[in-house]
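Okay, here's what each chain looks like letter by letter:
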6 protein chains.
Amino acid sequence: MHSTQHLIKIALEEDIGSGDITTDNLVDPDLAGKGVIIAKEPFILAGLDMAWQVFKHLDSKVVFRPAYIDGDTIDDGKTIANVEGKLHALLSGERTALNFLQRLSGIATYVRSYVDELANKRVRLVDTRKTTPGWRVLEKYAVRMGGAYNHRMGLYDGVLIKDNHNAACGGIKKAVDRIRNKVSHLVKIEVEVSTLGQVKDALNAGADVIMLDNMSIEQIKEATAFIDGRVVVEVSGNVTKSVLKSLADTGVDIISVGALTHSARCVDISMRIEAAD
Amino acid sequence: MHSTQHLIKIALEEDIGSGDITTDNLVDPDLAGKGVIIAKEPFILAGLDMAWQVFKHLDSKVVFRPAYIDGDTIDDGKTIANVEGKLHALLSGERTALNFLQRLSGIATYVRSYVDELANKRVRLVDTRKTTPGWRVLEKYAVRMGGAYNHRMGLYDGVLIKDNHNAACGGIKKAVDRIRNKVSHLVKIEVEVSTLGQVKDALNAGADVIMLDNMSIEQIKEATAFIDGRVVVEVSGNVTKSVLKSLADTGVDIISVGALTHSARCVDISMRIEAAD
Amino acid sequence: MHSTQHLIKIALEEDIGSGDITTDNLVDPDLAGKGVIIAKEPFILAGLDMAWQVFKHLDSKVVFRPAYIDGDTIDDGKTIANVEGKLHALLSGERTALNFLQRLSGIATYVRSYVDELANKRVRLVDTRKTTPGWRVLEKYAVRMGGAYNHRMGLYDGVLIKDNHNAACGGIKKAVDRIRNKVSHLVKIEVEVSTLGQVKDALNAGADVIMLDNMSIEQIKEATAFIDGRVVVEVSGNVTKSVLKSLADTGVDIISVGALTHSARCVDISMRIEAAD
Amino acid sequence: MHSTQHLIKIALEEDIGSGDITTDNLVDPDLAGKGVIIAKEPFILAGLDMAWQVFKHLDSKVVFRPAYIDGDTIDDGKTIANVEGKLHALLSGERTALNFLQRLSGIATYVRSYVDELANKRVRLVDTRKTTPGWRVLEKYAVRMGGAYNHRMGLYDGVLIKDNHNAACGGIKKAVDRIRNKVSHLVKIEVEVSTLGQVKDALNAGADVIMLDNMSIEQIKEATAFIDGRVVVEVSGNVTKSVLKSLADTGVDIISVGALTHSARCVDISMRIEAAD
Amino acid sequence: MHSTQHLIKIALEEDIGSGDITTDNLVDPDLAGKGVIIAKEPFILAGLDMAWQVFKHLDSKVVFRPAYIDGDTIDDGKTIANVEGKLHALLSGERTALNFLQRLSGIATYVRSYVDELANKRVRLVDTRKTTPGWRVLEKYAVRMGGAYNHRMGLYDGVLIKDNHNAACGGIKKAVDRIRNKVSHLVKIEVEVSTLGQVKDALNAGADVIMLDNMSIEQIKEATAFIDGRVVVEVSGNVTKSVLKSLADTGVDIISVGALTHSARCVDISMRIEAAD
Amino acid sequence: MHSTQHLIKIALEEDIGSGDITTDNLVDPDLAGKGVIIAKEPFILAGLDMAWQVFKHLDSKVVFRPAYIDGDTIDDGKTIANVEGKLHALLSGERTALNFLQRLSGIATYVRSYVDELANKRVRLVDTRKTTPGWRVLEKYAVRMGGAYNHRMGLYDGVLIKDNHNAACGGIKKAVDRIRNKVSHLVKIEVEVSTLGQVKDALNAGADVIMLDNMSIEQIKEATAFIDGRVVVEVSGNVTKSVLKSLADTGVDIISVGALTHSARCVDISMRIEAAD
């Protein structure tokens, strides 16, 4: 909550700075206004609360009436929300509010297209840490609105042991042992591997989750068969939409896809503003 | 400068938070390491300094040796930079550094494809305020690295009078007069119009720049012919790459394109890290 | 808006710090109080909202009833505003509220004396960047309340090319060309000159505004005649009140005066506080 | 220390914001430069360290060589300091550095003129809390450089009981008793009085310091005679330079003067900058 | 006030961070709840307002109804306060609210046991600067709730000259003279001494308060007799509860005890939360 | 890292504020000094880096030479570290540096006494969220230095389902199912229970960890026998040192003890400072 409030402040500061010189000089600060936020293409909605907060920062008494909730499918042309407040606040906040809404809905929409691809599959689609710096919490929220799941939030709330970590400790077994003895008993330990040999090492070391990194479909099948449900299996590494189903059919539990957050484009949303009667 | 430093802090805080529990527990804090940042596809580079700063925040003595400068075209597989410092800092900072680099290079690359489309045209391609909240200064920088130009930085450093402003003042003429009498003599006044009638009003009102918003190619030609070089002419409104050349040929001075910042995807860049010898 | 809120916080912190030990220990925190803010000399009012905000920070339910608006001429002895709220908040906030009001009204009053001197002259009187660090937005606001105009807000929203910039680029022409190709099409380019030769160079280079720096009345007349309305002309450099009219009569468009903000003294305003009945 | 660092950040942010668009676009960021800070009138110096810090913020390796120390008398035309660093930092920081130096030296100079008036008098001249919000620590420092003394820093480090406090407690005696029982044994208790009757009450109540507020010279003499050295005596209330000596001759210990900080004007200091050879 | 608000923010951030993943995922954000804060042992209450503020940060409309005020003696099993608001806010804020309440009440309770030991003694029991970093204002408040007094708040609001200071100045006399001439006339000067010789030096130097540091009961008696009421006398240095009365009987005015803040343990307080009917 | 830096800033600000008026006025800012940090009782060391950072904030060139590392057992009278830097920085920073060191070492020492009690037992001793607000990361670090383990860092990095959560979801099974479907696959799910019936429900629901809250030794034995190693078992609830061994012998995996952080007292550490030769 806190960090998103902070981002709204930064966003308004970078856009308004020392003042909205057009609106400040042309619009009576006490004039009432109303606005309508409208979809200009079909998409999955995410970010309503951020848009609301933006206007609230500029006019604490603004009334924001959403017609949908985050996660809803919006058709082209639909009214997403009505906003009433000071005309000045609507004009100065419009762009920033839309910038939040367009980006978060863009991610939710892009995620949904992956989720749809995996309809009826048992596998869990998750995001990665390839998010826009400063937007981690928001983008992971949009991923959930799109219907996928989150991987760890950051380096602080999940263990993922990579090659470098293993090398620094003298092997997978030593790394897992050492970290098991350090972290909370509520934290699962995931080990990244890229060969079947490493899969075996990770299993022996007592990993809770094994990440198969950049392996071929065949290798993944072999690894999954070998693991045979003993631990959770995640695949990762430049996963594209076209291979999603084949990956799901290998029997893995988790597919992580960086593109969910790093390749979505903003959707088109506009706002019509006018002075209140 | 300041605001980008601030964003780096936020980014590291959201990723590392109370600690990188994998690296903190497995890697000796004094171990030296080295890393190589490598292009995994061809792109236009932007954001080198941000990547550097990320590592510097984690290890003030890190050595960062870039092989290119921002704006350069990078081929797939090329080494972008070498980094030397504490292995711990490299591992904890890798993702955040790449997240900055991938996004900014992604924008520069996308912008360059528009710029190339306009090769040999006199028109100036500019961005809009449709940027990622918190990233205004950075994304506008990436636009310049891609070869395009910036529109105003925010609401504080340029006047753009829209319909609502005119309505609140009683017409274009009154709006322009009023604001001319308020803002600094260094600020140009731009008026957004959508009909030829408004073009005439804006000219009569003494606008310095006229923005033709969402007009057809034919209307734009007519408006440009009428204005006949007396003021700067900008076109705006859902401009796609396919119409760029036709727009340029109408004789307008400026084409503004929101997609430059809101539709770019991240490019693929990786980092190979190892303990120093 | 944001930056002024921030300054109020700093101001209350530096004055109250770990606590107003007199009031905290002697006044019941729930006691109601009322205060009257009174002019102790005639002046031009500026800063009402800052005074209000100070009290609001200490008692969110304070009622502030101003009898005037910023820009008004206040006679000695007049009541400027009535304040009702917690006696504790009134006592702890009094000094800080008055410190804002006295300084901003002091600037507005000083500016007005310059403005009056130029009554019926076409020239525009503007301020400079010689403001109190931390107070830029507020002092420029007070300048407007005094009846003068603002020059650029800072280094970010206007181009002013000085000798050093020209030297670094290889002359006025090269500097103007280079910067024209870099900054937004909404930004005007001003060039500072001190000789008639430089005036010609600046005109040839395509400057939008020419600043005549530290030139004699004779030189200014000559320069203005030569420019002949082709671009906006500003004079600058230790302008005193006594030469204002002569400067105005040279035909220049803009006179910038650092003294407006750096030489004003605070006006005398007091507050009478008592417990509410 | 901390609060002044903070003010420098705010000052640079308000002046430079999203960038010094003139210097950023015209001056090579790696170019070396040198600057000379020069007095344009005689004054008492204060604020050298602030000027230094401003440049340091923009170029951490800047070399600053002052020719004087704060408190020194500077003659017109003298070089105050030499600065060497990036030309870019010198150009972007010049105005902010001078704004600090001019204001603080302005206060020190104004204070010195009061101090000189009291040469050979035993009385101590002190400032008040009538300072520029955000500048308390700095302006009180400048007062010391001018040769006067500081009153309490804020509401947190000294007790000053005024009429409202007494009224809220049921009289001076009760107020002093109550607060003596609350505050640290290191804090002296000052009581503001305006009649001889109140002087007696304050003495009986055990005040450590008595402030005679807005009393006539005759009344002050009478009060001072009555107090007869038993406690410290301060006079306050619209003290002008012309009455300073007469006030000193009444035998009071302390004269507090709000004008020291609220009526000083900035002194004239300039900076000559050039590219290094 | 400000600094405690800041600490609440930090506390919630460190506990909730990117989200209370249990409550966020299991409890409807609109569900109403109520809570009862209950004493699990007898203690002296302190920190009610902090607990209230914690919940307010999470639900601005929370209703907090305390059954006691700070300083009250609470019996085991008693209800301290009722809280009504969003169930979500109660669950996420519970731990942080209790953490404030337990620690501050713990200090008040521990202090009270010292105060009781000194019942009917004239001496004033005071705290030291041995407080938890970040908690100075709060812990000193808890000390007052426990019935003791505060020493100076920090290094900024009281002078305490120690050996190092004397050594740096060339002796006690020189140190006191120098500082008397520098600090405000509202500040008392305390000198730390450890021998009778130094007591005499401090008296001669004009100290307002003398601190007898780590002296034996005998030495303290001798020093107090010598000082004979001329200045305030404080004893300090590893004072334990068992020697309190003997120290009080030496005739000293002030006993300062670091243990008041550095050796208190938290008291046991719990909160019962349920969904509102 | 970041949050601890922030706490150091707050700590220095609350202690030094507008200035260390004793040292500022008596000690030449350029004088060199040296200090020795000495144990005044035996203890387990924790917090060396915090002490170092405090001095670094006041003198960036300070040299800090520790004789031990955190976790070491220190005998009474031993030198812990030598510090060399500006005498001014040593004097102003001494108290804050020691306040960090005393509290963190106090916790480590107290924790070690519990750890020693459990020597040769298989059980893991962990802390709770009953930490000093603002000190979570630091106190959990001190717990590790004392030889115990950490429970979750906060509400963000571990799931602990309590009665209220179950009630809000309609039972343990529904709560576990719902949250499993929401949180990352790296997060384990712990359920708090207080009866054997709930133990069975939690097992059936698929909990990863079961917390036995406030149960008797007999009940704990019964529960542990029933669970029989299928999931991790934690006991919690007012655990005292005297029952530690009995609890360990019940066969539980984890014992969590709030007292580790909320009942430790500071240890006694002093610093001897002198001017350098």
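Residues numbered from 1 in each chain as written. Chains lettered and ligands numbered in written order. Predicted model: local features only at pLDDT ≥ 70, side-chain atom pairs only at ≥ 80, totals over all residues. Heavy atoms only, no water.

1. Some remarks on the relation of the copies chain A and chain B
Alright, step 1. Expressed as a screw operation, the relation of chain A to chain B combines 0.0 Å of axial shift with a rotation of 180°, fitting to an RMSD of 0.0 Å. On the angle and the small slide along the axis, the relation comes out as a two-fold axis. Among all residues of chain A, the minimum C-alpha distance to the rotation axis is found for Arg265(A), at 3.4 Å.
Alright, step 2. In this assembly, 100% of the residues forming the interface of chain A have copies in chain B that are likewise at the interface, indicating an isologous arrangement. (Least-squares fit on C-alpha atoms with pLDDT ≥ 70 in both. Contact = heavy atoms within 4.5 Å.)

2. Regarding the interface of chain A and chain B
Alright, step 1. In this complex, chain A contributes 64 residues to the contact, which on the side of chain B involves 64 residues.
Alright, step 2. Together chain A and chain B conceal approximately 5200 Å² of surface at their shared face, both sides included; 56% is due to carbon and sulfur atoms.
Alright, step 3. In this structure, the connection of chain A to chain B is made through 4 salt bridges.
Alright, step 4. Where Arg129(A) meets Asp15(B), a salt bridge forms, and the shortest distance between an N and an O atom there is 2.7 Å.
Alright, step 5. Split by residue class, the side of chain A that touches chain B holds 27 nonpolar, 21 polar and 16 charged. (Buried area = accessible area lost by both parts, 1.4 Å probe. Salt bridge = Lys/Arg side-chain N within 4 Å of Asp/Glu carboxyl O. Nonpolar A, V, L, I, M, F, W, Y, C, P; charged D, E, K, R; others polar.)

3. Some remarks on the sheet that holds strand E6 (residues 124-126) of chain E
All names here are of chain E.
Alright, step 1. Taken in spatial order, the 6 strands of this open sheet run E6-E11-E10-E9-E8-E7, and their pairing is parallel. Both outer strands of the open sheet, E6 and strand E7 (159-161), are each paired with one neighbouring strand and no more. Neighbour-to-neighbour, the strand axes of this sheet turn through a mean angle of 25°, independent of strand direction.
Alright, step 2. Where strand E8 (residues 189-193) and strand E9 (residues 209-213) come together, 4 bridges link them in parallel fashion. By the bridge assignment, Val-193 is partnered in E9 with Leu-212.
Alright, step 3. Across the sheet, helix H9 (residues 217-227) is in contact with E9 and strand E10 (232-236); its angle to E9 comes to roughly 165°. (Pairing = 2+ DSSP bridges. Helix = DSSP H or I, 4+ residues; strand = E, 2+ residues; numbered from the N terminus. Axes fitted to C-alpha atoms, helices over the stretch in contact; angles between N-to-C directions.)

4. Notes on unusual backbone geometry
Negative phi is the rule for most residues except glycine; trans is the rule for most peptide bonds.
Alright, step 1. The phi dihedral of Asn120(C) is positive, around 75°, even though this residue is not glycine.
Alright, step 2. Summarising the element assignment, Asn120(C) is placed in the loop between helix H4 (87-117) and strand E6 (124-126).

5. Side note on empty space enclosed by the protein
Alright, step 1. Here the structure, examined in full by the defined rule, presents 10 cavities of 30 Å³ or more.
Alright, step 2. Lining the largest cavity, in full, are Arg103(C), Thr261(C), His262(C), Ala264(C), Arg103(D), Gly106(D), Ile107(D), Thr261(D), His262(D), Ala264(D), Arg265(D) and Cys266(D).
Alright, step 3. Secondary-structure elements contributing two or more residues to the lining of the largest cavity are helix H11 (259-262) of chain C together with helix H4 (87-117) and helix H11 (259-262) of chain D.
Alright, step 4. Looking at the lining of the largest cavity element by element, the count peaks at 3 residues for H4(D). (1 Å grid on protein atoms, 1.4 Å probe; cavity = no way out; pocket = protein on both sides within 12 Å on 5 of 7 lines; lining within 4 Å. Points joined across faces, edges and corners; volume = space filled by probe spheres on them.)

6. Looking at the packing of helix H4 (residues 87-117) of chain B against helix H5 (residues 136-146) of chain B
Residue and element names in this part refer to chain B.
Alright, step 1. Taken N-terminus to C-terminus, the directions of H4 and H5 make an angle of 45°; their axes are 7 Å apart at the nearest point. Accordingly, the angle class assigned to the pair H4 and H5 is oblique. Judged by the sense of rotation from one axis to the other, the crossing of H4 with H5 is right-handed. Between H4, through Phe-100, Arg-103, Leu-104, Ile-107, Ala-108, Val-111, Arg-112 and Val-115, and H5, the contact on the second element is made entirely by Leu-138, Glu-139, Ala-142, Val-143, Met-145 and Gly-146.
Alright, step 2. The residue makeup of the contact of H4 with H5, split by class, is 10 nonpolar, 1 polar and 3 charged. (Parallel < 35°, antiparallel > 145°, perpendicular 65-115°, else oblique. Left-handed = near helix turned anticlockwise from the far one by under 90°.)

7. Side note on the sheet that holds strand E7 (residues 159-161) of chain F
Paired through their backbone hydrogen bonds, the strands of a sheet run either parallel or antiparallel.
Residues and elements named next belong to chain F.
Alright, step 1. Here we have 6 strands laid out as an open sheet, ordered E6-E11-E10-E9-E8-E7, and parallel in their pairing. At either margin of the open sheet sits one strand with a lone partner, and together these are strand E6 (124-126) and E7. For this sheet, the mean inter-axis angle between neighbouring strands, taken without regard to orientation, is 25°.
Alright, step 2. Examined bridge by bridge, strand E9 (residues 209-213) and strand E10 (residues 232-236) share 5 bridges and lie parallel to one another. Considered in E10, the bridge of Leu-212 is made with Val-235.
Alright, step 3. Each of E9 and E10 touches helix H9 (residues 217-227); the most contacted strand, E9, lies at about 165° to it.

8. Focus on the environment of Ile189(F)
Alright, step 1. With respect to the helices, strands and loops of the structure, Ile189(F) is situated in strand E8 (residues 189-193).
Alright, step 2. Spatially, the C-alpha atoms of Ile189(F) and Ile161(F) are 7.7 Å apart, while their sequence positions differ by 28 residues.

9. Some points on the pairing of strand E1 (residues 32-39) of chain C
All names here are of chain C.
Alright, step 1. The buried count for E1 comes to 6 of 8 residues, which makes it a mostly enclosed element.
Alright, step 2. Bridge count for E1 against strand E5 (residues 79-86) is 7 bridges, and the pairing is antiparallel. Across the sheet, residue Gly-33 finds its bridge partner in E5, namely Gly-85.
Alright, step 3. Note that E1 and strand E12 (residues 269-275) share 7 bridges and pair antiparallel. (Buried < 20%, exposed > 50% of the residue type's maximum accessible area, 1.4 Å probe, protein only.)

10. Details of the pairing of strand E8 (residues 189-193) of chain A
Residue and element names in this part refer to chain A.
Alright, step 1. Most of E8 is tucked away: 5 of the 5 residues are buried.
Alright, step 2. A two-sided burial pattern is seen for E8, the buried positions comprising Ile-189, Val-191 and Val-193 on one face and Glu-190 and Glu-192 on the other.
Alright, step 3. Both strand E7 (residues 159-161) and E8 contribute to a ladder of 3 bridges, which runs parallel. What sits directly across from Leu-160, in E8, is Glu-190.

11. Side note on the pattern of salt bridges
Alright, step 1. A complete count under the given rule lists 63 salt bridges over all chains for this structure.
Alright, step 2. Between Glu41(E) and Arg265(E) there is a salt bridge, and its shortest N-O distance comes to 3.0 Å. Of the two residues, Glu41(E) sits in the loop between strand E1 (32-39) and strand E2 (43-44) while Arg265(E) sits in the loop between helix H11 (259-262) and strand E12 (269-275), which places them 224 residues apart along the sequence.
Alright, step 3. Under the relative-accessibility criterion, Arg265(E) is labelled partly exposed at 41%.
Alright, step 4. Through salt bridges with shared partners, one network takes in Asp15(A), Arg129(B) and Arg136(B).

12. Focus: the domain arrangement of chain A
All names here are of chain A.
Alright, step 1. Each assigned domain of chain A is listed here: domain 1 (4-115 + 264-275) and domain 2 (120-262).
Alright, step 2. Centre-to-centre separation of domain 1 and domain 2, based on C-alpha positions: 36 Å.
Alright, step 3. Of the roughly 1700 Å² buried between domain 1 and domain 2 on both sides combined, carbon and sulfur atoms contribute 73%.
Alright, step 4. Looking at the side of domain 1 facing domain 2, the largest losses of area belong to Ile-107, Val-111 and Tyr-114, adding up to 35% of the total buried there.
Alright, step 5. Applying the counting criterion to the domain 1 and domain 2 interface returns 0 salt bridges.
Alright, step 6. The interface formed by domain 1 and domain 2 holds 4 residue pairs in polar contact (both at pLDDT 80 or more) in total.
Alright, step 7. At the level of secondary structure, the elements contributing two or more residues to the side of domain 1 that touches domain 2 comprise helix H1 (2-16) and helix H4 (87-117).
Alright, step 8. By residue number, the principal contributor to the side of domain 1 that touches domain 2 is H4, which donates 11 residues.
Alright, step 9. Across the side of domain 1 that touches domain 2, the residue classes break down as 14 nonpolar, 4 polar and 3 charged. (Domains from an automatic or database assignment. Polar contact = N/O pair within 3.5 Å; in protein donor to acceptor, adjacent residues only side chain to side chain.)

13. Some details on the packing of helix H7 (residues 172-180) of chain A against helix H8 (residues 196-205) of chain A
A pair of packed helices can be characterised by two numbers: the angle between their axes and the separation between those axes.
Residues and elements named next belong to chain A.
Alright, step 1. Contact pair H7 / H8: the axes reach a minimum separation of 8 Å and the direction vectors enclose 30°. In terms of axis orientation, H7 runs roughly parallel to H8. Between H7 and H8 lies a crossing of right-handed hand. Contacts between H7 and H8 involve Ile-172, Lys-173, Val-176 and Asp-177 from the first element and Gln-198, Asp-201, Ala-202, Asn-204 and Ala-205 from the second.

14. Topic: the packing of aromatic side chains
All names here are of chain B.
Alright, step 1. With the rule as written, the count across this model stands at 21 aromatic pairs over all chains.
Alright, step 2. Relative to Phe-64, the ring of Trp-52 has its centre 5.2 Å away and its plane inclined at 20°; by these criteria the two rings are stacked. Here the residue Trp-52 occupies a position in helix H3 (residues 48-58), and Phe-64 occupies one in strand E3 (residues 63-66), the gap between them amounting to 12 residues.
Alright, step 3. On the basis of relative accessibility, which here comes to 27%, the residue Trp-52 falls in the partly exposed class. (Phe/Tyr/Trp six-rings, centres within 6.5 Å; stacked < 30°, edge-to-face > 60°.)

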